[in-house]
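Geometric and topological summary
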2 protein chains.
Amino acid sequence: MQDFEGLLRGLKLKVTPRRRAILEVMAAGSTFLSPEEIWKKVGEAGTNVGLPTVYRILEELAGGGVVTRVLHDNRQLYYYLCPNKGHHHHFVCLSCHKVEDVDLCLGEALEQEVKLRIQGALFSHILQLQGLCRECREKGGKA
Amino acid sequence: MQDFEGLLRGLKLKVTPRRRAILEVMAAGSTFLSPEEIWKKVGEAGTNVGLPTVYRILEELAGGGVVTRVLHDNRQLYYYLCPNKGHHHHFVCLSCHKVEDVDLCLGEALEQEVKLRIQGALFSHILQLQGLCRECREKGGKA
DNA sequence: AGTTAAATAGAAATCACTTCTATTTGACGA
DNA sequence: TCGTCAAATAGAAGTGATTTCTATTTAACT
Ligand SMILES: [Mn+2]
Ligand SMILES: [Mn+2]
Ligand SMILES: [Zn+2]
Ligand SMILES: [Zn+2]
C-alpha cells in the first residue's frame, strides 16, 4: 500500500497532489478519520486543499472501493483507507478509532436468505462492528 | 401490534396524543419513513405536532428498541416500526421502501471473531441489506 | 507546446437536525 | 375530584456537516 499512483490510475482518476496527500495521510494510520481531520492533516503536511475537495475525493475513493465509509452515532461520516482487497467488514474501536478487519463470509448466507425467503434482489449490505479494541479494553477505554 | 399504550408504558414514556399518532402512522405501513414524512402523515391524520417533537419521539422509540433506524445513501435517517422482538436485522427495498425481517444469528460468529481474533469488547453491530423486494424486482423497480 | 476535459479553490447555500424556553399536560396520590 | 410537578410539547431560532456553484488551474495526451 504505497503505489498511490497505480491505485488512482486503476480508478481512472488523475494523479494530483491533493489525491496523493489525502492517501498519504490516510495510509499513515489505521484509524478512521473525518473529512475535516483529513483536511487539517493534509494542510499540516504542507498541501493546501479545500474542504469540499476533501469531501469529493473521499467519495471518489469510497466509490472505487479503496476507502470504507465508517458509520458513527453522531451521524457524521468517517473514512478509512483499507489496504485489504476482497469482501470483508470492519470492527471499529469507539475509543481510539482503530479499524480492524473482520473476515466473515456472510455473503453466502445473506444471498440465500434474500433469494429464498424474500425472493428479491440483493444489491449490497452494510455490516459494521463497534466496541473496544484489545488495548482500549485492557486500559479501560471510554464508553 | 396495536397496544400502543402498553408499549409506551413499557418504555416508561407517558401516553400522549403525539406518541399515539406517530405509532399509528408507522404501524399503518411496512415501509421505512423519514421524520418529515411521519410529521406530514400525522398532521394529515388530524394531530398537530411539531417537527422537533417527531425527531425526539422517534429517537425515544429507537432507544427503546421499538423502532429501527434505517440507513440510506442520502445520509438521512429513516425509521421503521418493527413488530417483531428478538435480535434480527432488515432487508430494505430501495424502490418501494418496504422493510422485511432477516433472521440470521450472526451474533454468535461475530462475538467469537471479536473475542478470539480481535480480543476486544463488542458493544453492537449494524447489519442492513438493501436491494429490491420481490414485487419490485418482478416489475423492474428503479435503481 | 497545444488542447481539453478533469480537478480545484473559495465563497455561498442548503437543510437535516438540534437547541432553547415558555407553556401545556399526563400521571399519581391526597 | 383535585393539586402537584416532572415530563412533554410548540414554535422560533440556531447549528454545522455537507453540497453546490463558478471561475480558474492542471494533468494527461498528442
Ligand atoms: Mn479492511
Ligand atoms: Mn424487523
Ligand atoms: Zn481502541
Ligand atoms: Zn419494493
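So, a few notes on the structure that sits alongside this text.

Thresholds applied
Residues numbered from 1 in each chain as written. Chains lettered and ligands numbered in written order. Predicted model: local features only at pLDDT ≥ 70, side-chain atom pairs only at ≥ 80, totals over all residues. Heavy atoms only, no water. Salt bridge = Lys/Arg side-chain N within 4 Å of Asp/Glu carboxyl O. Helix = DSSP H or I, 4+ residues; strand = E, 2+ residues; numbered from the N terminus. Buried < 20%, exposed > 50% of the residue type's maximum accessible area, 1.4 Å probe, protein only. Contact = heavy atoms within 4.5 Å. Buried area = accessible area lost by both parts, 1.4 Å probe. Polar contact = N/O pair within 3.5 Å; in protein donor to acceptor, adjacent residues only side chain to side chain. Pairing = 2+ DSSP bridges. Donors = N, O, S within 2.8 Å, 3.2 Å for Na, K, Ca; no water. Axes fitted to C-alpha atoms, helices over the stretch in contact; angles between N-to-C directions.

Below, the discussion takes up the pattern of salt bridges. With the rule as written, the count across this model stands at 18 salt bridges over all chains. Where Glu60 of chain A meets Arg56 of chain A, a salt bridge forms, and the shortest distance between an N and an O atom there is 3.8 Å. Residue Glu60 of chain A and its partner Arg56 of chain A are both found in helix H4 (residues 51–63); the two are separated by 4 residues, about one turn of the helix. Here Glu60 of chain A falls in the partly exposed class, since its relative accessible area comes to 24%. Across the pair Arg75 of chain B and Glu59 of chain A runs a salt bridge whose closest N-O atoms are separated by 3.0 Å. Remark: Glu59 of chain A occurs in helix H4 and Arg75 of chain B occurs in the loop between strand S1 (67–71) and strand S2 (77–81); the pair is interchain, linking two chains. Overall, the relative accessible area of 27% leaves Glu59 of chain A in the partly exposed class.

With that settled, consider the interface of chain A and chain B. Across the contact, 37 residues belong to chain A and 37 residues belong to chain B. Surface buried jointly by chain A and chain B totals about 3,200 Å² across both partners, of which 62% is contributed by carbon and sulfur atoms. Considering only the surface of chain A that becomes buried against chain B, Ile118, Phe123 and Ile126 of chain A emerge as the three largest contributors, covering 18% of it. At the boundary of chain A and chain B, one finds 2 salt bridges. Scanning the region where chain A abuts chain B turns up 17 residue pairs in polar contact (both at pLDDT 80 or more). Secondary-structure elements contributing two or more residues to the side of chain A that touches chain B are strand S2 (77–81), strand S4 (99–102), helix H5 (106–118), strand S5 (121–132) and helix H6 (134–138) of chain A. Broken down by element, the side of chain A that touches chain B gets its largest block of residues, 12 residues, from S5 of chain A. Pairing of S5 of chain A with strand S5 (residues 121–132) of chain B, which is carried by 11 bridges, proceeds in the antiparallel orientation. Paired with Gly131 of chain A across the bridge in S5 of chain B is Leu122 of chain B.

Now for the coordination of the manganese ion (ligand 1). All names here are of chain A. Looking at the manganese ion (ligand 1), the protein donor atoms are Cys82 (SG), His88 (NE2), His90 (NE2) and Asp101 (OD), and they sit 2.0 to 2.2 Å from it. Within one chain, the residues donating to the manganese ion (ligand 1) are spaced in sequence as C-x5-H-x1-H-x10-D. Taken as a pair, Cys82 in the loop between S2 and strand S3 (89–93) and Asp101 in strand S4 lie far apart in primary sequence, 19 residues in all. You'll find Cys82 and Asp101 in the same group, each marked buried.

If you walk across this open sheet you meet the 6 strands as S4(A)-S3(A)-S5(A)-S5(B)-S3(B)-S4(B), and the pairing is mixed. Among the strands making up the open sheet, the edge pair consists of S4 of chain A together with strand S4 (99–102) of chain B. The mean angle between the axes of side-by-side strands here comes to 25°, regardless of whether they run parallel or antiparallel. In the sheet, strand S3 (residues 89–93) of chain B pairs with S5 of chain B via 4 bridges, with the strands oriented parallel. Bridging across to S5 of chain B, His90 of chain B finds its partner in Gln128 of chain B.

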